Amino acid sequence: MCYNRAMQTVVVTGATSGIGYATALRFARDGAAILAVGRNALGLEDVAREVELEGGRCVTCEVDVTATDAPGVIAATVARAFGVATTLVNAAGIIASGSIENTQDDDWDEMLDVNLRAPFRVMRALAPMLIASRGSIVNVSSVTGLRAFPGVLAYCVSKAGVDQLTRCAALEMAPHGVRVNAVNPGVVVTNLHRRSGMNDENYAAFLERSKQTHPLGRAGGPDEIADLIWFLASDRAGWITGETISIDGGRHLTCAR
């Protein structure tokens, strides 16, 4: 496929579930070409099928974003499939409980590796393409990047790092016409917490409590986050860069509780 400036070619990591999945489908509705990145082969088949049904085109890339060769594999795949990337969405992420007293070195390293080091390495690998297309980057951060919360120490630090990575990269990429922003969701109904080990009963209680901890009285949906990501990548946000945008039902306005 030859590159066409009128068409978005979007790389989405973590594309097989949650916010990444919703984001791939949101761009597909506008006819975008998607490179769906993930570790789960069956999940990649599913998102590819749904992207096609929504009117987009999808090529999959089965790779662990923390692997040494992952950035190169992603860059080579998108170049081969579409010629260039116009948008990168870093949506892959994990969460785990842990305090300053009980977070082990391996837990800390894994959290920073997935949530912070991987986005940095993929951004670096795709930078030449994004400069060529004068494209954009949207990182999926969290309210925990902006506010401190107890019991999720490594996760908070990783997302704070994503926010600063976003701001620094925005300054460095601005002369090239590349915009870099982040979205900072509150609790969103996905499989993120259940993959971290939370059982169904505890997750239901967690969502119920979110009605009190989020001023708008509910958790968010992945489609809501995807809409904001789409906007930030679009020409409508052409004068927005370096922003870390709360989309959390007002959670960032409250004290930790």
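Structure first, text after, so check above.
Worth saying up front: this structure is predicted, and the values here are computed from it rather than measured.

S.K.: Quick question: what am I supposed to make of the pattern of salt bridges here?
M.R.: Two side chains that carry opposite charge are able to pair once their charged atoms sit near each other. Taken as a whole and judged by the stated rule, the model has 7 salt bridges. We note a salt bridge from Arg29 to Glu54, for which the minimum N-O separation is 3.3 Å. Placement of the pair is Arg29 in the loop between α1 (18-28) and β2 (33-38) and Glu54 in the loop between α2 (41-53) and β3 (57-62), with a sequence separation of 25 residues. For Arg29, a relative accessible area of 42% translates into the label partly exposed. For Asp46, the salt bridge goes to Arg49, with nearest N and O atoms at 3.0 Å. In this pair, Asp46 and Arg49 are both assigned in helix α2, 3 residues apart and thus about one turn of the helix distant. A cluster of three or more residues bridged by salt bridges with shared partners is formed by Arg26, Asp30 and Asp227.

S.K.: Even after reading the chapter, I still don't get a negative patch on the surface, so can you show me in this structure?
M.R.: Together, Asp105, Asp106, Asp107, Asp109 and Glu110 make up a region of like negative charge exposed at the surface. Residue classification places Asp106 among the exposed positions, given a relative accessible area of 63%.

S.K.: Looking at this structure, I do not really get the packing of α1 against helix α9 (residues 222-233). What am I missing?
M.R.: In a pair of packed helices, the angle between the axes and the distance between the axes together describe the arrangement. With their axes 8 Å apart at the nearest point, α1 and α9 run at an angle of 55° to one another. Relative to α9, α1 is oriented oblique. Every pair of crossing elements has a handedness; the one defined by α1 and α9 is right-handed. Touching Gly18, Ile19, Ala22, Thr23, Arg26 and Phe27 of α1 are Pro222, Asp223, Ile225, Ala226, Asp227, Ile229, Trp230 and Ala233, all from α9.

S.K.: What's the story with the sheet that holds strand β5 (residues 136-140) in this structure? I'm lost.
M.R.: Two modes of strand pairing occur in sheets, parallel and antiparallel, and in both the strands are linked by backbone hydrogen bonds. Pairing within the open sheet is parallel, and its 7 strands lie in the order β3-β2-β1-β4-β5-β6-β7. With one partner strand each, in any of the chains shown, β3 and β7 (244-247) form the two edges of the open sheet. Adjacent strand axes in the sheet meet at a mean angle of 20° when their direction is disregarded. Bridge count for strand β4 (residues 87-90) against β5 is 4 bridges, and the pairing is parallel. Within β5, the position partnered with Leu88 by the bridge is Ile137. Of the strands in this sheet, β2 and β3 are in contact with α2, which crosses β3 at around 170°. Contacts from α9 reach β4, β5, β6 (179-185) and β7 within the one sheet, and its direction differs from that of β6 by about 165°.

Scoring rules and cut-offs
Residues numbered from 1 in each chain as written. Predicted model: local features only at pLDDT ≥ 70, side-chain atom pairs only at ≥ 80, totals over all residues. Heavy atoms only, no water. Salt bridge = Lys/Arg side-chain N within 4 Å of Asp/Glu carboxyl O. Helix = DSSP H or I, 4+ residues; strand = E, 2+ residues; numbered from the N terminus. Buried < 20%, exposed > 50% of the residue type's maximum accessible area, 1.4 Å probe, protein only. Patch = residues over 30% accessible without salt bridge, like charges linked within 9 Å, V, L, I, M, F, W, Y side chains within 5 Å. Areas by Shrake-Rupley, 256 points an atom, 1.4 Å probe, with all protein chains shown as cover. Lys, Arg positive; Asp, Glu negative; His and termini not counted. Charge placed at Lys NZ, Arg CZ, Asp CG, Glu CD. Axes fitted to C-alpha atoms, helices over the stretch in contact; angles between N-to-C directions. Parallel < 35°, antiparallel > 145°, perpendicular 65-115°, else oblique. Left-handed = near helix turned anticlockwise from the far one by under 90°. Contact = heavy atoms within 4.5 Å. Pairing = 2+ DSSP bridges.

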